[in-house]
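# Examination of the molecular architecture
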Amino acid sequence: AAKARGSGLIEVFDDDASHRSLDLLDLRFELAFALERRQLKVQYQPICDLATGELLGFEALARWHHPLRGNVPPGVFIPLAEESGAILEIGAWVLDQACAQLARWQQLPGGAGLRMNVNISPAQLDDRRRAQQLLGTIATYGVDPSDVCLEVTEYNYVRAAATESANELRAAGVRFALDDFGTSYASMSRLKLFPIGTIKIDRGFVAGMVTDAVDRSVVVGVLAIGESLRLSVVAEGVETVQQQQALLGLGCRQAQGYLFAPPLDPDGAEQAVLRGRCGAGVANPVGG
Ligand code: C2E
Ligand code: MG
Ligand code: MG
Ligand code: MG
């Protein structure tokens with residue numbers, strides 16, 4: 001409406017929605033300095049064996065602590081970073097941190113087989129030379145590329161160059177997971193185009209599967225696709241023993257979620273490595 005009246009600059013100050021977009025403009029500006037101001041950090045959420053709680057690896061998740069606004073959720077700042085291009089630097093930094101930690105944790109007793117999942121944005125693969133630099137980061141820490149899994153989300157439009165980059169990285173050993181599977185109609189085409197080895201069931205379906213027949217059917221379907229294409233399937237957002245048991249009953253083997261452990265600071269993650277288990281609470285509750 002502001003635009004229609006041709007006075008956007010003034011309207012901005014008496015319109016709630018515009019307040020929000022002004023806010024986002026500020027945020028986007030500040031995000032450009034967040035890295036150098038050391039406001040970003042990485043947390044690590046355990047990925048575990050759904051039946052036993054054994055620790056299999058971690059997913060690295062970016063965190064932004066703003067000095068005045070507190071924690072800005074990645075659901076807010078990642079899209080902003082993607083728009084502004086800051087995601088290239090931020091994403092490269094997250095991978096660097098994650099590889100440094102993985103190299104260190106793999107040296108600990110019981111840490112040998114651990115894997116690290118890192119979320120990447122499409123722009124990080126759009127340029128093949130930049131994508132190759134991801135391999136350089138992995139090599140810097142002496143990490144085996146096949147212990148690194150890059151999580152891509154479902155976008156409707158993916159440039160051909162990104163698919164080529166992904167295939168090159170895959171040829172070097174790097175694995176790919178399709179994140180939030182089932183939330184977009186692009187899921188299936190992405191499966192065909194990308195060298196995907198793992199699909200992650202979106203936590204929305206996991207949340208509903210115990211009570212909602214449609215959610216449950218989606219979970220059944222995703223597991224069937226995983227089985228027939230020989231993909232690993234990880235359930236995201238497992239919060240209750242009921243969900244855990246339902247998933248086990250359907251043949252799901254791997255999971256992440258608050259039932260096992262939330263995203264942890266590096267110290268907490270290191271404790272999980274030393275225990276070899278996700279979280280303290282769940283010690284084989286279903287006898288699997
Ligand atoms: P995602 O990759 O699907 O990550 C899983 C999200 O689920 C995380 O949210 C995690 O904290 C949350 N989660 C895990 N277990 C549970 C649970 O049991 N219950 C509930 N309710 N939530 C759970 P988070 O950390 O807020 O991240 C949101 C999204 O931001 C991520 O979704 C990912 O798409 C994106 N993201 C985070 N870090 C990065 C990054 O470094 N690069 C890129 N490109 N994206 C990132
Ligand atoms: Mg992810
Ligand atoms: Mg996800
Ligand atoms: Mg998600």
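First things first, this report covers the structure right here in the doc. Computed from a predicted structure; not experimentally measured.

On to the pattern of salt bridges. Across all of its chains, the model carries eight salt bridges by this definition. Taking the shortest distance from any N to any O, the salt bridge between glutamate 83 and arginine 28 comes out at 3.2 Å. Taken together, the residues span a long stretch of sequence, with glutamate 83 in helix α3 (residues 74-84) and arginine 28 in helix α2 (residues 16-34) at a distance of 55 residues. Glutamate 83 sits in the exposed class, given a relative accessible area of 51%. A salt bridge links lysine 200 to glutamate 151; the shortest N-O distance between them is 2.6 Å.

For a metal with four donors in a tetrahedral arrangement, the ideal angle between donors is 109.5 degrees, while six donors in an octahedron ideally sit at 90 or 180 degrees. Each protein donor to the magnesium ion (ligand 3) is listed here as Asp179 (OD), Asp180 (OD), Glu236 (OE) and Glu236 (OE); together their distances run 2.0 to 2.5 Å. Mapped onto the polypeptide sequence, the residues donating to the magnesium ion (ligand 3) form the spacing pattern D-D-x55-E. Separating the magnesium ion (ligand 3) from the magnesium ion (ligand 2) is a distance of 4.0 Å, and aspartate 179 supplies a donor atom to each of them. Taking relative accessible area as the criterion, aspartate 179 reaches 4% and is therefore assigned buried.

Take the site of ligand 1 next. The environment of ligand 1 is made up of 22 residues, and the closest members are Glu59, Arg63, Asp179, Glu239 and Tyr258. Residue arginine 63 places a side-chain N or O atom 2.8 Å away from an oxygen atom belonging to ligand 1. A distance of 2.5 Å separates a nitrogen atom of ligand 1 from a polar atom in the side chain of glutamate 239. For ligand 1, the protein covers 84% of the area, taking 800 Å² as the surface of the free molecule.

Let us look at the state of the cysteines. Counted by the stated rule, this structure contains zero disulfides. Cysteine 252 takes part in no disulfide bond, and the closest cysteine sulfur, belonging to cysteine 48, lies 11 Å away.

All right, on to unusual backbone geometry then. For arginine 38, which is not glycine, the phi torsion reads 60° and is therefore positive. The topology assignment puts arginine 38 in the loop between α2 and β1 (40-49). For arginine 230, which is not glycine, the phi dihedral falls at a positive 55°. Residue classification places arginine 230 among the exposed positions, given a relative accessible area of 77%.

Looking at helix α12 (residues 266-275), one finds that the buried residues are Ala269, Glu270, Ala272 and Val273. The arc that holds every buried residue of α12, seen down its axis, measures 155°, which confines them to one face. With its phi angle positive at about 75°, glycine 276 sits one or two positions after the end of α12.

Let us now look at the pairing of strand β2 (residues 55-66). In terms of burial, β2 is a largely internal element, 11 of the 12 residues being buried. Linkage of β1 to β2, two consecutive antiparallel strands, is achieved through a turn of five residues, within which glycine 53 is found at a positive phi near 80°. Examined bridge by bridge, β2 and strand β4 (residues 115-119) share four bridges and lie parallel to one another. Its bridge partner being in β4, glutamate 59 is matched across the sheet by asparagine 117. Judged from the three bridges that link them, β2 and strand β3 (residues 70-72) form a sheet pairing that is antiparallel. Paired with histidine 65 across the strands is asparagine 71, a residue of β3. Joining the antiparallel neighbours β2 and β3 is a turn of three residues.

Below, the discussion takes up the side chain of glutamine 243. For glutamine 243, the location among the structural elements is in helix α11 (residues 241-249). On the basis of relative accessibility, which here comes to 6%, the residue glutamine 243 falls in the buried class. Of the polar contacts made by the side chain of glutamine 243, one reaches the backbone nitrogen of glutamate 239; its length is 2.7 Å. When neighbours within four sequence positions are excluded, glutamine 243 is seen to be in contact with Val206, Ala207, Val210, Gly237 and Val238.

About the thresholds
Residues numbered from 1 in each chain as written. Chains lettered and ligands numbered in written order. Predicted model: local features only at pLDDT ≥ 70, side-chain atom pairs only at ≥ 80, totals over all residues. Heavy atoms only, no water. Salt bridge = Lys/Arg side-chain N within 4 Å of Asp/Glu carboxyl O. Helix = DSSP H or I, 4+ residues; strand = E, 2+ residues; numbered from the N terminus. Buried < 20%, exposed > 50% of the residue type's maximum accessible area, 1.4 Å probe, protein only. Donors = N, O, S within 2.8 Å, 3.2 Å for Na, K, Ca; no water. Near = heavy atom within 4 Å. Polar contact = N/O pair within 3.5 Å; in protein donor to acceptor, adjacent residues only side chain to side chain. Areas by Shrake-Rupley, 256 points an atom, 1.4 Å probe, with all protein chains shown as cover. Disulfide = S-S within 2.5 Å. Arc of directions from axis to C-beta. Pairing = 2+ DSSP bridges. Contact = heavy atoms within 4.5 Å.

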